[in-house]
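# Report on the structure
Residue strings, one per chain:
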Amino acid sequence: PQGATVAQLAELLGVPANDIIKRLFLLGNPLTLTESMSDDLIELVADDLGRDVKVMTKEEENSFTFYDDPKDLKPRPPVVTVMGHVDHGKTSLLDAIRHTGVAEGEAGGITQAIGASQVKINGRTITFIDTPGHETFTAMRARGAKVTDIVILIVAADDGVMPQTVESINHAKAAGVPIVVAVNKIDKPGADPTRVRQELTEYGIIPEEWGGQNMFVDISAKKHIGIDNLLEAVLLEADVLELKANPDTFASGNVLEAKLDRGRGSVATVLVTRGTLHVGDALVAGMAYGRVRAMLDPKGNPVETAGPSDPVEILGLQSVPMAGDEFRVFQDDRDARDLADQRALKARIEEQNRVKHVTLENLFDTM
Ligand code: GDP
Ligand code: MG
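Before going into details, it helps to say that this report is about the structure given with it.

Cut-offs used in this document
Residues numbered from 1 in each chain as written. Chains lettered and ligands numbered in written order. Predicted model: local features only at pLDDT ≥ 70, side-chain atom pairs only at ≥ 80, totals over all residues. Heavy atoms only, no water. Near = heavy atom within 4 Å. Polar contact = N/O pair within 3.5 Å; in protein donor to acceptor, adjacent residues only side chain to side chain. Helix = DSSP H or I, 4+ residues; strand = E, 2+ residues; numbered from the N terminus. Nonpolar A, V, L, I, M, F, W, Y, C, P; charged D, E, K, R; others polar. Buried < 20%, exposed > 50% of the residue type's maximum accessible area, 1.4 Å probe, protein only. Salt bridge = Lys/Arg side-chain N within 4 Å of Asp/Glu carboxyl O. Axes fitted to C-alpha atoms, helices over the stretch in contact; angles between N-to-C directions. Parallel < 35°, antiparallel > 145°, perpendicular 65-115°, else oblique. Contact = heavy atoms within 4.5 Å.

### Topic: the site of ligand 1
- Around ligand 1 there are 15 residues in total, and Asp87, Lys90, Thr91, Ser92 and Asp187 lie nearest to it.
- Here an oxygen atom of ligand 1 and a side-chain polar atom of threonine 91 are 2.8 Å apart.
- At a separation of 3.1 Å, an oxygen atom of ligand 1 approaches a polar side-chain atom of asparagine 184.
- Here the element with the most residues in the shell around ligand 1 is helix 5 (residues 90–103); it accounts for three residues.
- In terms of residue class, the shell around ligand 1 is made up of two nonpolar, seven polar and six charged.

Dropping the structure here:
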């Protein structure tokens, strides 16, 4: 925790700074406006002023821990990220997969409205996060968020293991996420799927058929060969993971991406990881607060609810959260607002603490 100066605490509590200085004096801790207070002192003074303040550690603030009774847990769809070297076919594969969903007779077009998609195969759903794989993955992991259950590592059979292939493997391994390998471009004359398998053994990715842990599926994203096999492999991997979540509680999850849209205001794509999100819910995402005004599914259709592993675009936040931010629905609107305010203030305090010479003027400038 960074602590706060007397002036900052005064702003946080909405009381005159002099009141705080007085209390501090009476507590035997004379401090001036710009001096920092310890967390304990902050809590003590706030308590003295009849306010309940708890200084959260970064961990406490960034990750809510929820408890679910095992009997409330229900199976949820796997969340999958496609990673691989540039031009090895990530975009083509996601296009092919979306096409699969449509071929199965789902309503709606193949136009993708948000940075995530869902496909149904054999009556089961798979969620794909298709925002720029590496950046999202890295941003999420840096913030302690785990939004991927399975990584599809795509490797072009005519090119083999390349630097970003290795990077992807490292990301997946660091996150402890199982890897299903899609050996792509098998339609090409120079394709050598066996060579890809051999090369990957050097990185500990060993095909099941060679006694290893990883499923390999030969595909052509362009010619739509092997796509169903790949999706079935993903479902098999998901079965092993026994993915579950409690759908019958207030929603929480992560922001996948967010932006300010001219006409619609703050627009955030979120992945629900627990509970069910409803239109009208009060939520906090990072420092952003708001009520869900509308929700769109990956095809751009309005929906009223979104459950575990569902990606949705939400409208109604009053500011723009960051990719990787955790979101959480509150029963009480005021609690949501308070948390967002506290976080915003804390961020400003941290920003100020980075400024070397804090004068009284620039302190209030940045507040
Ligand atoms: P990304 O950079 O990983 O997203 O790769 P893209 O999906 O953009 O594909 C890069 C290039 O490879 C494009 O010209 C695709 O048409 C081509 N490509 C992708 N998959 C296949 C495939 O299965 N076979 C062939 N022949 N070309 C492919
Ligand atoms: Mg691409």
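### Looking at unusual backbone geometry
- Despite not being glycine, asparagine 122 shows a phi value in the positive range, around 50°.
- By secondary structure assignment, the location of asparagine 122 is in the loop between strand 5 (116–121) and strand 6 (124–129).
- Take asparagine 122: its relative accessible area is 54%, and that puts it in the exposed class.
- Even without glycine at this site, lysine 185 takes up a positive phi of about 65°.
- Along the polypeptide, lysine 185 turns up in the loop between strand 8 (179–184) and helix 8 (193–201).

### A closer look at the pattern of salt bridges
- Taken as a whole and assessed by the stated rule, the structure comprises 18 salt bridges.
- Taken together, the shared-partner salt bridges connect Asp69, Lys71 and Asp72 into one network.

### Some points on the packing of helix 2 (residues 17–26) against helix 3 (residues 39–48)
- The contact between helix 2 and helix 3 brings their axes to 10 Å, and the two run at 110°. In terms of their interaxial angle, helix 2 and helix 3 are classed as roughly perpendicular. Mapping the contact onto sequence places Ile20, Arg23 and Leu24 in helix 2 and Leu41, Val45 and Asp48 in helix 3.
- Among the residues forming the contact of helix 2 with helix 3, the class breakdown is four nonpolar, no polar and two charged.

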